[in-house]
Amino acid sequence: MSNNPLHQFQINTIVPVEFAGIDASFTNSAVAMVATVAVVSIFLIMGMGSRALVPGRWQSMAELSYSFVADMVRDNVGNEGRKYFPIIFSLFMFILFGNFLGLLPYSFTFTSHVAVTFTLAMAVFIGVTLIGIARHGLHFFTFFVPGGVPAVMLPLLVPIEIISYLSRPVSLSIRLFANMTAGHTMMKVFAAFIVPLGFLGGWAPFAVDVALTGFEFLVAFLQAYVFAVLTCIYLNDSIHLH
Amino acid sequence: MPQLDVTTFAPQIVWLVITFLAMYFIMAKVALPRIAEVLDERQTRIDDNLAKAAALKVEAEQAAAAYEQSLAEARSKAQDEVKVVIDQANAAQAKAQEELAAKLDKKLAEAEARIADAKDKALANITEVSADVAKATVEKLSGVSVDDAAVNAAVAKAMEQN
């Protein structure tokens, strides 16, 4: 084990694969992603196994995650959002369980990589833009013209609107990546102090790490929630424009 | 910083696409329909039971109303019957009283008739006795014998004046 706090983010190839000139190696990141999909699927499908009218604890949690995201979509997008509920649910659960599984010792947090978060954010950005254009045609571009503004101001405001729109995927991806990276780095930095400080002094960084662990669980949930809510808000913008 | 190692981008993105698509299809085709089905079923069941409860409540209210009505009917019927009985009793009593009164009146009338009879008889006797006494008194006092007819006339006249 290296004491470098960034070592935990190292991508290690497990099975080298090359497909059509693209490096598609199976890495520790891919293991975490596959594990996330497996855990979410087991959690939901086996949790609903009994299909009980009065749910047990496990089934309650599965139903709770469903209604949590369903309420989020309904509140932020409205009835038109029902169609997009599965994709937003998948996004939320994928990021949430990716974050949670990454908190297990010796595991890997794939959401701490900007390549992953930016791909997800770009997928959301492009998808939402295409939905907007498909629903409104060229009228969609009036989204960049704020209402009730004097015409003289438009040459200034329209570029600002466009820049703010284009920066959405950047902020969406950097927020998740930075939160996960910073939290895990902090935990590692404090953890590295525990043993060198000895039996007496080691308690202080250990206590900090205990607190940070709880905090990281909150951040893991919160970032998945923020990602899903912002996706809903962007979706709402392209469905309803202003 | 390993996150900025561009050579790791391609495998990450490839596996992200693979796993996320798998995730989406598992969610959309298997997991979410199951949960939705169970939630729908529960909602339907709850709605059904609520509707059933409402129907039963209406039924219970109807039964209570019918009970109240039959109770009221029975009460009024009983009151009517009691009234009939009381009326009959009153009528019978009145009739008996009337009969009794008539009987008493008749007896009273008879008694009065008898009394009047006795009085008349006594009065008739009084005239006779008075005539005798008057005749005897006149004879004793004056020594004159008066004839009966004159005495009777005088007595009758005196009695009339009384």
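Residues numbered from 1 in each chain as written. Chains lettered and ligands numbered in written order. Predicted model: local features only at pLDDT ≥ 70, side-chain atom pairs only at ≥ 80, totals over all residues. Heavy atoms only, no water.

Under the annotation held in an unreviewed UniProt entry, chain B carries the name ATP synthase subunit b and is attributed to Terasakiella brassicae. UniProt lists a comment for chain B under the heading Sequence similarities (unreviewed entry), and it reads "Belongs to the ATPase B chain family." (UniProt positions renumbered as here; feature names shortened; annotations may be inferred.)

Going by what an unreviewed UniProt entry lists, chain A is known as ATP synthase subunit a and is assigned to Terasakiella brassicae. UniProt, in the comment section headed Sequence similarities (unreviewed entry), describes chain A in these words: "Belongs to the ATPase A chain family."

Caption draft 1: Structural view of the overall build of chain A. Within chain A, the secondary structure is distributed over eight helices and four strands. Element order for chain A, N to C, with α for helix and β for strand: β-β-β-β-α-α-α-α-α-α-α-α. Overall, the C-alpha framework of chain A stretches about 70 × 50 × 45 Å when taken along its three principal axes. Expressed as a percentage of the 242 residues in chain A, the buried residues total 43%. Intrachain contacts of chain A at a sequence separation of at least 6 include 67% that bridge at least 24 residues. Carbon together with sulfur atoms contributes 73% to the accessible area of chain A, which is approximately 12,100 Å² in total. Taking the 9 positively charged and 10 negatively charged side chains of chain A as two groups, their mean positions are separated by 8 Å. (Helix = DSSP H or I, 4+ residues; strand = E, 2+ residues; numbered from the N terminus. Buried < 20%, exposed > 50% of the residue type's maximum accessible area, 1.4 Å probe, protein only. Contact = heavy atoms within 4.5 Å. Areas by Shrake-Rupley, 256 points an atom, 1.4 Å probe, with all protein chains shown as cover. Lys, Arg positive; Asp, Glu negative; His and termini not counted. Charge placed at Lys NZ, Arg CZ, Asp CG, Glu CD.)

Caption draft 2: Representation of the nonpolar core in the model. Counting residues in hydrophobic clusters, the biggest one holds 63 residues, and the most contacted among them are Leu 44, Met 93 and Phe 227 of chain A. Not counting residues within four places of it along the chain, the set of residues in contact with Met 93 of chain A comprises Thr 36, Val 40, Phe 43, Leu 44, Ser 65 and Gly 98 of chain A together with Met 23 of chain B. (Core = buried A, V, L, I, M, F, W, Y, C linked by side-chain atoms within 4.5 Å.)

Caption draft 3: Layout of the UniProt feature "transmembrane region" (unreviewed entry) in chain B. UniProt annotation of "transmembrane region" (unreviewed entry) refers to residues 12-32 of chain B when read in the numbering used here. Each end of residues 12-32 of chain B is marked by a C-alpha atom, and these two atoms are 27 Å apart; helix forms 100% of the span and strand 0%.

Caption draft 4: The interface of chain B and chain A, seen in detail. Contact with chain B, which involves 31 residues of that partner, is made by 46 residues of chain A. Approximately 3,600 Å² of surface area, both sides summed, lies buried where chain B meets chain A, with 77% of it carried by carbon and sulfur atoms. A per-residue breakdown of the area chain B buries against chain A is headed by Gln 3, Gln 12 and Trp 15 of chain B, which together make up 17% of the total. At the boundary of chain B and chain A, one finds one salt bridge. The closest approach of N and O atoms between Glu 63 of chain A and Arg 42 of chain B, which form a salt bridge, is 2.8 Å. Linking chain B with chain A are seven residue pairs in polar contact (both at pLDDT 80 or more), by the criterion used here. (Buried area = accessible area lost by both parts, 1.4 Å probe. Salt bridge = Lys/Arg side-chain N within 4 Å of Asp/Glu carboxyl O. Polar contact = N/O pair within 3.5 Å; in protein donor to acceptor, adjacent residues only side chain to side chain.)

Caption draft 5: Highlighting the UniProt feature "coiled-coil region" (unreviewed entry) in chain B. Mapped onto this structure's residue numbering, the UniProt feature "coiled-coil region" (unreviewed entry) falls at residues 50-121 of chain B. Within the segment residues 50-121 of chain B, helix and strand shares are 100% and 0% respectively, and the terminal C-alpha atoms sit 104 Å apart.

Caption draft 6: Representation of the pattern of salt bridges in the model. Residue and element names in this part refer to chain A. Taken as a whole and judged by the stated rule, the model has four salt bridges over all chains. For Asp 237, the salt bridge identified is with Arg 168, shortest N-O distance 2.6 Å. With a gap of 69 residues between them, Asp 237 in helix α8 (residues 203-240) and Arg 168 in helix α6 (residues 168-194) connect regions that are remote in the sequence. Accessibility assignment for this pair places Asp 237 and Arg 168 in one class, buried.

Caption draft 7: Just the UniProt feature "transmembrane region" (unreviewed entry) in chain A, in detail. Residues and elements named next belong to chain A. Mapped onto this numbering, the UniProt entry gives "transmembrane region" (unreviewed entry) at residues 30-54, 84-108, 114-133, 140-166, 186-208 and 215-236. Secondary structure over residues 114-133 splits into 100% helix and 0% strand, and the C-alpha atoms at its two ends are 28 Å apart. Here residues 186-208 runs as 83% helix and 0% strand, with 10 Å between its end C-alpha atoms.

Caption draft 8: Quick look at the side chain of Thr 231 of chain A. With respect to the helices, strands and loops of the structure, Thr 231 of chain A is situated in helix α8. Overall, Thr 231 of chain A belongs to the buried group, its relative accessible area being 6%.

Caption draft 9: Examining a nonpolar patch on the surface more closely. On the surface, Phe 68, Phe 215, Leu 218, Phe 221, Leu 222 and Tyr 225 of chain A cluster together to form a nonpolar patch covering roughly 520 Å² of accessible area. By the element assignment, Phe 221 of chain A lies in helix α8. (Patch = residues over 30% accessible without salt bridge, like charges linked within 9 Å, V, L, I, M, F, W, Y side chains within 5 Å.)

Caption draft 10: Broad picture of the packing of helix α4 (residues 114-136) of chain A against α6 of chain A. All names here are of chain A. For the pair α4 and α6, interaxial distance at closest approach is 8 Å and the crossing angle is 145 degrees. Remark: the crossing between α4 and α6 carries right-handed chirality. Between α4 and α6, the residues in contact are Val 114, Thr 117, Phe 118, Ala 121, Met 122, Val 124 and Phe 125 and Arg 168, Pro 169, Val 170, Leu 172, Ser 173, Ile 174, Leu 176 and Phe 177, respectively. A class-by-class count of the residues in the contact of α4 with α6 yields twelve nonpolar, two polar and one charged. (Axes fitted to C-alpha atoms, helices over the stretch in contact; angles between N-to-C directions. Left-handed = near helix turned anticlockwise from the far one by under 90°. Nonpolar A, V, L, I, M, F, W, Y, C, P; charged D, E, K, R; others polar.)

Caption draft 11: Representation of the packing of helix α3 (residues 85-102) of chain A against helix α1 (residues 9-142) of chain B. The interhelical angle for the contact between α3 of chain A and α1 of chain B, taken along N-to-C directions, is 120 degrees, at an axis separation of 9 Å. In terms of their interaxial angle, α3 of chain A and α1 of chain B are classed as oblique. Once α3 of chain A is placed against α1 of chain B, the crossing between them reads as right-handed. Residues Phe 85, Pro 86, Ile 87, Phe 89, Ser 90, Leu 91, Met 93 and Phe 94 of chain A of α3 of chain A touch α1 of chain B, and the partners they reach there are Leu 16, Thr 19, Phe 20, Met 23, Tyr 24, Met 27, Ala 28 and Leu 32 of chain B. The residue makeup of the contact of α3 of chain A with α1 of chain B, split by class, is 14 nonpolar, two polar and no charged. (Parallel < 35°, antiparallel > 145°, perpendicular 65-115°, else oblique.)

Caption draft 12: Summary view of the environment of Ala 154 of chain B. Residue and element names in this part refer to chain B. Summarising the element assignment, Ala 154 is placed in helix α2 (residues 148-161). The class for Ala 154 is partly exposed, based on a relative accessible area of 48%. C-alpha of Ala 154 to C-alpha of Ala 131: the two residues are 23 residues apart in sequence and 8.3 Å apart in space.

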